[in-house]
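Read off the chains here:
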Amino acid sequence: MATNHNVIMNYDYNPDTWKRISQAKRRFIEENVDPRSNPDIIPEVAESWIRSKNYGVSPYEIKKQEVPDQKEITHILESNALLIQCSVPFIQKFMPFLTISNYVLSLTDNSGFLLYSAGDENDLESLTQFQKKMPYTSAGEEYIGTNGHCLALIHKIPVQVIGPNNYLAIAENFIASAAPIFNQEGEVIGTLGIIQSYADISKSQKIFAHTLGWVTSLAEAITSQLELKIKSVQLEAAYKTLENSLSVAEQGFVTLDRSGLITHMSKKAMDMLGLSEGPHMGQDYARYFGPDPNLRDALLNDTNVHDLELAIGPESQEKKYIISIDKIWNDTKTEKQGSVIYMTQSSRLDKLIGKRGGMKAYYTFSDIRGESRKLQQTKNFAQQIAATNSNVLLIGESGTGKELFAQAIHNVYCPDGPFMAINCASMPRNLIESELFGYEAGAFTGADKKGRPGKFELANGGTLFLDEIGDMPLEIQPVLLRVLEERQMMRIGGTKFIPVNARIIAATNKDLSESIKNRLFREDLYFRLAVFKITIPPLRERDNDAFLLAQYFVEMTCRRIGKKPPAIAADAREVISAYPWPGNARQLENAVVHAVYMCNAENITVNDLPLEITQTDHHQEKTSEILSLTQLEKEAIIRAMNIAKNDTAHAAKLLGIGRTTLYKRFKEYGIEY
């Protein structure tokens, strides 16, 4: 930092002037004559004399100071360790250039405490006696009155206090030159000063001026050295902090120069690449990353690259990473200086994405319970196709477990990848596009200012489950088809395509062939989604599975609430097995939960089941009548229409079938509405 070069000096080296100053000081001390009115005394010195007298300092004797104990001295030295470390080597290095003799050089802190002293005391008897008579530990004005150190501290400028301007009478034969030392904030943290005697003043003027210049230059050099030292310490601390941070970061970092040679590699990156500490700096990046053309092109390109998937290592041991590359430019952004490669393990990124989307595939095929032949055939087929990457269309009534099958397929295909789900029926039309494809910042009113990824991006490397695909808005279907065909998408408001690699599992309880005929669903999208079709049987077609599932739901519910599982009594079992369960497993689970809470004994009886189930007379009918599904379905339709007050859309939703299918059943069963 720059220092103030204004200097307090008395340029008049005339012995008569010195005599007048000495007399003025005596009159001030003895007669209290104000020295500020004397033209021979510079104002800063006059003010200092007044302060010194007010402190109770006598010019004729040394004011006694309390010598600090060793603990306090140690604290002072430790507090000024950096000042001492920077100053003493400089002093020792440049003292030979000080072309004077008979002097003492001293370094003080910002309170005047003496930190270091050195000098040439040959034949300097008077100065040596002066020092012996001054056993002070501080050069503060309150202890020894006006002197070079204290004025440099107070006024923050170099000073030279000549002869009788010094407050102490014993110092009137000396000239003191001192200069302040600053820190980065411009605060004075110490002073450097020289006390020297004079003989023939007329011959010594140039020497005195040289001494002040030397002290000032050396103080400025120490100030600069302090600044560099502090920056070096800060830089070293920042570097260590950065190294420690990078060592625990999930990403690996590799920096390259403009030629592609490695200039730095974080410990995490070395771990990812299977490297130990060694001479990796200066090596070509391809030695560790391989000759992948996409990575090479990305490094040669002047734009940043993100989410580049790269396989590293021999085929049997290769690991996949998501690579991002940021370019390093000069200050004017005109010349590329190098690149930074960020490495993230694909599996780790996928898990983070899954957490970010709040989704997890919990279920496997072993969680799909039931022993009926139809269910077993469906499970076997689903397990066959699960290991492929082809799209799947799940068809089944509401509550049959379509998402259960979707999660089970996912956990065979890519268990470590993200599982994202979206319900195409529950999402408003104006939001479903942004949910699927995301949007850039400012894409529309109310958009997140940072933008947001869509479900396709979040499902990258995993599975995207499109539930109730039959309700996908017609205007969104062409966009979805293009993404499926081209394996890339663009966010709303975006300008670049983003590669996506997600398996699509769609589900519907609608007759999509009817929707295609009615031009509510695109045929080309249907064929793209239905590479494999899995029809999940309703619970009423699964033999004894209703009772087996009921037992399972009893166990799960009791485990959750901490209750001993009750048995299912014969009358309740008969009802559960006979009831058609139009809501399938979801309805059955709700009925079982109700029964568990209502049950006060060791058995669940028919009285514990919901009224909507027990009020039917199916459990009292003969077996031949129970197995007549046609009549059951007709009665269910009539009940649904009554509940929906003849609203066919509402009734179809209650029954879990499409409206077109409902009209067919009207005609088939002779139902008129």
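Residues numbered from 1 in each chain as written. Predicted model: local features only at pLDDT ≥ 70, side-chain atom pairs only at ≥ 80, totals over all residues. Heavy atoms only, no water.

J.: What is the right way to read the environment of Val606 from this model?
T.: As for its placement among the helices and strands, Val606 is situated in the loop between strand E19 (603-604) and helix H23 (611-614). Classification of Val606 by relative accessible area gives buried; the value is 16%. Setting aside anything within four residues of it in sequence, one finds Val606 in contact with Asp571, Ala572, Val575 and Thr614. (Helix = DSSP H or I, 4+ residues; strand = E, 2+ residues; numbered from the N terminus. Buried < 20%, exposed > 50% of the residue type's maximum accessible area, 1.4 Å probe, protein only. Contact = heavy atoms within 4.5 Å.)

J.: What's the story with the pairing of strand E16 (residues 503-508) in this structure? I'm lost.
T.: On any regular strand, side chains alternate: one points to one face of the sheet, the next to the other face. Across the 6 residues that make up E16, a large majority, 6, are buried. Side-chain alternation along E16 places Arg503, Ile505 and Ala507 on one buried face and Ile504, Ala506 and Thr508 on a second face that is also buried. Direction of pairing for strand E11 (residues 392-395) relative to E16: parallel, over a ladder of 4 bridges. Its bridge partner lying in E16, Leu394 is registered against Ala507. Relative to E16, strand E13 (residues 463-467) runs parallel, the two sharing 4 bridges. In the strand pairing of E16, Leu466 is matched with Ala506. (Pairing = 2+ DSSP bridges.)

J.: For this particular structure, what's the right way to read the nonpolar core?
T.: In summary, soluble globular proteins display a tendency toward joint burial of nonpolar side chains. Counting residues in hydrophobic clusters, the biggest one holds 32 residues, and the most contacted among them are Leu436, Phe456, Leu466 and Ile469. Among the elements of the structure, strand E12 (419-423), helix H15 (429-437), helix H16 (455-458), E13, helix H17 (477-486), E16, helix H18 (512-517) and helix H19 (523-529) are those that each provide at least two residues to this core. Excluding anything up to four places from it in sequence, Leu436 contacts Ile422, Gly454, Lys455, Phe456, Leu464, Leu466, Met472 and Ile476. Core analysis: the next-biggest nonpolar cluster, separate from the first, contains 26 residues, Phe547, Trp581, Val592 and Val606 among them. (Core = buried A, V, L, I, M, F, W, Y, C linked by side-chain atoms within 4.5 Å.)

J.: Quick question: what am I supposed to make of the packing of aromatic side chains here?
T.: Applying the stated rule across the entire model yields 10 aromatic pairs. Considering the side-chain rings of Phe253 and Tyr342, the 5.2 Å spacing of their centres and the 80° angle between planes classify their relative orientation as edge-to-face. Taken together, the positions of Phe253 in strand E6 (residues 252-257) and Tyr342 in strand E10 (residues 336-345) put the pair 89 residues apart, joining distant regions of the chain. The two residues Phe253 and Tyr342 agree in class, both being buried. Between Tyr552 and Phe553 the ring centres are 5.8 Å apart and the planes differ by 55°, which places this aromatic pair in the tilted class. Across this residue pair, the class does not change: Tyr552 and Phe553 are buried. When the ring centre of Phe28 is taken as origin, the NZ or CZ atom of Lys53, which lies over that ring, is 4.8 Å away. In this structure, Arg573 is placed above the aromatic ring of Phe547, and the distance from its NZ or CZ to the ring centre is 3.9 Å. (Phe/Tyr/Trp six-rings, centres within 6.5 Å; stacked < 30°, edge-to-face > 60°. Lys NZ or Arg CZ within 6 Å of the ring centre and 35° of its normal.)

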